[in-house]
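Observations on the model geometry
The residues making up each chain are set out below.
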Protein chains: 2
Amino acid sequence: MSDRDTHQRRAIRNAFREAGRPLSPVEVLAAASVDVPNLGTATIYRTVKSLVEAGWLIPVALPGEPPRYELAGKDHHHHFHCRACGKLFELEGCPEGLRQLTPPGFHLDAHEVVLYGQCAECA
Amino acid sequence: MSDRDTHQRRAIRNAFREAGRPLSPVEVLAAASVDVPNLGTATIYRTVKSLVEAGWLIPVALPGEPPRYELAGKDHHHHFHCRACGKLFELEGCPEGLRQLTPPGFHLDAHEVVLYGQCAECA
DNA sequence: GTCGTTGCAAAGCGTTTGCAGCCTA
DNA sequence: TAGGCTGCAAACGCTTTGCAACGAC
């Protein structure tokens, strides 16, 4: 139940700190395996899950994409997905009128917005 | 390669017409099984895939969820995902200010908006 | 020494594919 | 009748779980 500071967990947290972008489980495995050989996939999933529950990581799920995770502590934001380079960019602000789209009787508690196109570099 | 009008395919197309909302493969199976007992999951996937390629269905991918499909030819719209029953509902309209979120130099060509909460039935 | 944590492998889950028999055209 | 279509089951890729050994405290 407690939170032991193991070699594996240190390597996994480190992978996220050094990445500076959302990582998928396989990417975490690749990065953390450098420090910890024989690192198992189960450990990745278990550790990532606990880090999400602990509020240290935030899940970043894009439509049709495998789930990724990024460091918590950022302001509410959305993402811009460049079709050309595949990079994910953070956006500031939030669109208006989301509440007005909600049908009568429905209870809105969260939303997800993803913009697609080309980033400044690829355009 | 041709497109034979089988009992199974008729039932599957019918399921989408009657649903009025995006359906996942399992939901299609449940609906179409009423007309065609012993309907296999493989048939669902194969038929849905061909219907998408034929432009009769549109894939609706939302973050962290299995893909769903809806009838093609509808106006631009977004979706509401009920956390309680897991159903996906169609919304009318589109939020304002999406373009303003786009950083300078970026080229916006599409967007995805998903609202989360509880539907009228579950609330 | 305890007991949470790990690695391995097996089990799940949703989706795809192989194959023999079925059925539409 | 021919060849696409279907159902069954095995195969797959990704994620979760069971379990005995390991190691942080």
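Here we summarise the structure given alongside this text. Just so we're clear, the structure is a prediction, and the values are computed from it rather than from any experiment.

Calculation criteria
- Residue positions are given per chain, counted from 1 along the sequence in the order it is written.
- As a convention, the first chain written is A and the first ligand written is 1, with the rest following in written order.
- Whole-chain, interface and lining totals are the exception, using all residues; otherwise, since this is a predicted model, local features are given only for residues with pLDDT of at least 70 and side-chain atom pairs are given and counted only at 80 or more.
- Remark: hydrogens and water are excluded; side-chain values derive from all non-hydrogen atoms of the structure.
- Secondary structure elements follow DSSP: runs of H or I of four or more residues count as helices, runs of E of two or more count as strands, with numbering from the N terminus.
- In a helix, the anticipated span is given by 1.5 Å times the number of residues less one.
- Only protein chains enter the accessibility calculation, which uses a 1.4 Å probe; a residue whose area is less than 20% of its type maximum is buried, one above 50% is exposed, and one in between is partly exposed.
- Whether two residues are in contact is decided by their heavy atoms, any of which lying within 4.5 Å being enough.
- As used in this record, nonpolar core signifies buried Ala, Val, Leu, Ile, Met, Phe, Trp, Tyr and Cys residues forming a set joined through side-chain atoms within 4.5 Å.
- The least-squares superposition of copies is restricted to C-alpha atoms, and to residues with a pLDDT of at least 70 in both copies.

It is worth spelling out helix H1 (residues 7-19) of chain B at this point. One turn of the α-helix equals 3.6 residues, which is why residues spaced by three or four share an orientation. All names here are of chain B. In this model H1 runs 18 Å from its N-terminal to its C-terminal C-alpha over 13 residues, within 8% of the 18 Å that 1.5 Å per residue would give. Among the residues of H1, Ala-11, Ile-12, Arg-13, Ala-15 and Phe-16 are the ones counted as buried. Of the surrounding elements, those touching the buried residues of H1 are helix H2 (25-33), helix H3 (41-53), strand E1 (57-60) and strand E2 (68-71). A positive backbone phi angle near 70° is found at Gly-20, which sits one or two residues after H1.

Across soluble globular proteins, you tend to see nonpolar side chains buried next to one another. In this structure, Phe-80 and Leu-115 of chain A together with Phe-80 and Leu-115 of chain B are the most contacted members of the largest nonpolar core, which totals 20 residues. Taken together, the elements giving at least two residues each to this core come down to strand E3 (78-82), helix H4 (98-101) and strand E5 (107-118) of chain A together with strand E3 (78-82), helix H4 (98-101) and strand E5 (107-118) of chain B. With sequence-adjacent residues up to four places away left out, Leu-115 of chain A is seen in contact with His-79, Phe-80, His-81 and Leu-91 of chain A together with Leu-98, Leu-101, Thr-102, Leu-108, Ala-110 and His-111 of chain B. Formed by 15 residues, the second largest nonpolar core is a distinct cluster that contains Val-28, Leu-29, Ile-44 and Tyr-69 of chain B.

Turning to the relation of the copies chain A and chain B, a few remarks are in order. In this arrangement, two copies of a chain are superimposed by a rotation about an axis accompanied by a shift along the axis. Between the two copies, chain A and chain B, the superposition gives an RMSD of 2.2 Å; the rotation angle is 177° and the shift along the axis is 0.0 Å. Expressed as an axis order, the relation between the two copies is that of a two-fold axis. Identified as the residue of chain A closest to the rotation axis by C-alpha distance is Val-113 of chain A, at 2.3 Å.

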